[in-house]
Amino acid sequence: KMKRISTYFKPKHVQNYFKLSLTQSFSPIVVSNEIHRGYVYFPSKPNPNTKIQSKRGRSGIIKRAQPSMRDKMNVYRKWKNENKPFNTTIYLEFMHYLVESAFDDHRCEAWAMEIINDQIENKSVPDPDIEIYNRYIQVCARSGKIQNAEKIFEMLCSTGPSPNQITYGSMMRAYAIKDDSKNAKVYWDKMIEANLVNPEKVIFQDVFDGLKTL
């Protein structure tokens, strides 16, 4: 059973993600599953004088690194070139990173499609599920590439996996960012037709206004 990595790292230990002295016994794939839990961090240039609060509520001198999305994609491709045993959690985690970075980096949509295609070609894991496609649509929404989101949505409707509430909400969000209530209402109506929302209990305008502020 894998133990959690809760020991604090001094700044010098964060210089190289693949050579962290306290994680050498963990494969990169196993370690990456711990990234979002706050135990392991990507490389950065931490300030030795910086003190932050850890997720466990104790103070330490670890620097919570903020690498660029390009850095993360370089890690992803390094693992891929080394034939690391990818799993669905890894693909989903990198898609999550892309959603977070999509407002700031126009390359995120292309990178998201690269990850989806890699998962499709990887016969050792299941094909992308609706969670992966939802994140792709969210990346498109944030990067302003609504036409690509529409193409994926149409594909999901015709070949699956079937869209869920998050899928429709992500499409509405894409138009809410542009304050386009007319096209957002189209996906609201489609969600009603799919019996995924009760219009008697939820009002479109309230949902639309909420999506604009996300």
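Analysis parameters
- Here the residue index of a chain counts from 1 through its sequence in written order.
- Residues qualify for local features only when their pLDDT is at least 70, as the model is predicted, and side-chain atom pairs are given and counted only at 80 or more; totals for whole chains, interfaces and linings, by contrast, use all residues.
- By convention in this description, side-chain values take in all heavy atoms of the structure and omit both hydrogens and water.
- As a rule, the C-alpha atoms of each element are fitted with a line to give its axis, helices using only the stretch in contact, and angles between N-to-C directions run from 0 to 180 degrees.
- A run of H or I in DSSP becomes a helix once it reaches four residues, and a run of E becomes a strand once it reaches two; helices and strands are each numbered from the N terminus.
- If you view the pair so one helix is near and one far, a crossing is left-handed when the near helix is turned anticlockwise from the far one by less than a right angle, and right-handed when it is turned clockwise.
- Residue contacts follow a heavy-atom distance rule, with two residues in contact if any of their heavy atoms lie within 4.5 Å.
- Just so you know the grouping, Ala, Val, Leu, Ile, Met, Phe, Trp, Tyr, Cys and Pro go in nonpolar, Asp, Glu, Lys and Arg go in charged, and all remaining residues, Gly too, go in polar.
- Salt bridge, as used here: a side-chain nitrogen of Lys or Arg that lies within 4 Å of a carboxyl oxygen of Asp or Glu.
- A helix is expected to reach a length of 1.5 Å times the quantity of its residues less one.
- Under the scheme applied here, a residue whose accessible area is under 20% of the maximum for its type counts as buried, over 50% as exposed, and between as partly exposed, the area being computed with a 1.4 Å probe on protein chains only.
- Here roughly perpendicular refers to angles of 65 to 115 degrees, roughly parallel to angles under 35, roughly antiparallel to angles over 145, and oblique to all remaining angles.

Novice: Where do I start with the packing of helix α8 (residues 181-193) against helix α9 (residues 204-212) in this structure?
Specialist: Each pair of packed helices gets described by two things: the angle between the helix axes and the distance between those axes. The geometry of α8 relative to α9 is characterised by a closest axis approach of 11 Å and an angle of 120° between their N-to-C directions. Between α8 and α9 the crossing geometry is right-handed. Between α8, through S181, A184, K185 and W188, and α9, the contact on the second element is made entirely by F204, V207 and F208. Considered class by class, the residues forming the contact of α8 with α9 number five nonpolar, one polar and one charged.

Novice: Can you walk me through the pattern of salt bridges in this structure?
Specialist: Oppositely charged side chains may form a pair once their charged atoms are brought near each other. Scanning all chains against the criterion turns up eleven salt bridges. Where K80 meets E114, a salt bridge forms, and the shortest distance between an N and an O atom there is 3.5 Å. In this pair, K80 sits in helix α2 (residues 69-81) while E114 sits in helix α4 (residues 108-121), placing the two residues 34 residues apart along the sequence. Between R135 and E131 there is a salt bridge, with the nearest N and O atoms lying 3.7 Å from each other. Taken together, the residues span about one helical turn, with R135 and E131 both in helix α5 (residues 130-143) at a distance of four residues. Bridged by salt links that share partners, the residues R77, K80, E114 and D118 form one connected network.

Novice: What is the right way to read α4 from this model?
Specialist: One turn of an α-helix holds 3.6 residues; hence residues three or four places apart share an orientation. Counted at 1.5 Å a residue, the expected span for α4 with its 14 residues is 20 Å, and the 20 Å between its end C-alpha atoms agrees. Among all positions of α4, only C108, E109, W111, A112, E114, I115, I116, D118 and Q119 are buried.

Novice: For this particular structure, what's the right way to read the packing of α2 against α4?
Specialist: Running from N to C, α2 and α4 point in directions that differ by 20°, and their axes come no closer than 12 Å. Viewed along their axes, α2 and α4 adopt a mutual orientation that is roughly parallel. In this structure, the crossing between α2 and α4 has a hand that is left-handed. Taken together, the residues of α4 that come into contact with α2 (itself represented by M69, R70, M73, Y76, R77 and K80) are C108, W111, E114, I115 and D118. Across the contact of α2 with α4, the residue classes break down as six nonpolar, no polar and five charged.

Novice: Sorry, what's going on with unusual backbone geometry here?
Specialist: With glycine set apart, most residues show a phi of negative sign, and most peptide bonds adopt trans. G160 connects to P161 through a cis peptide bond whose omega is -5°. When you line up the elements, P161 lands in the loop between α6 (146-159) and α7 (165-176). Here D179, not a glycine, exhibits a phi torsion of approximately 55°, which is positive. Tracing the backbone through its elements, the reader meets D179 in the loop between α7 and α8.

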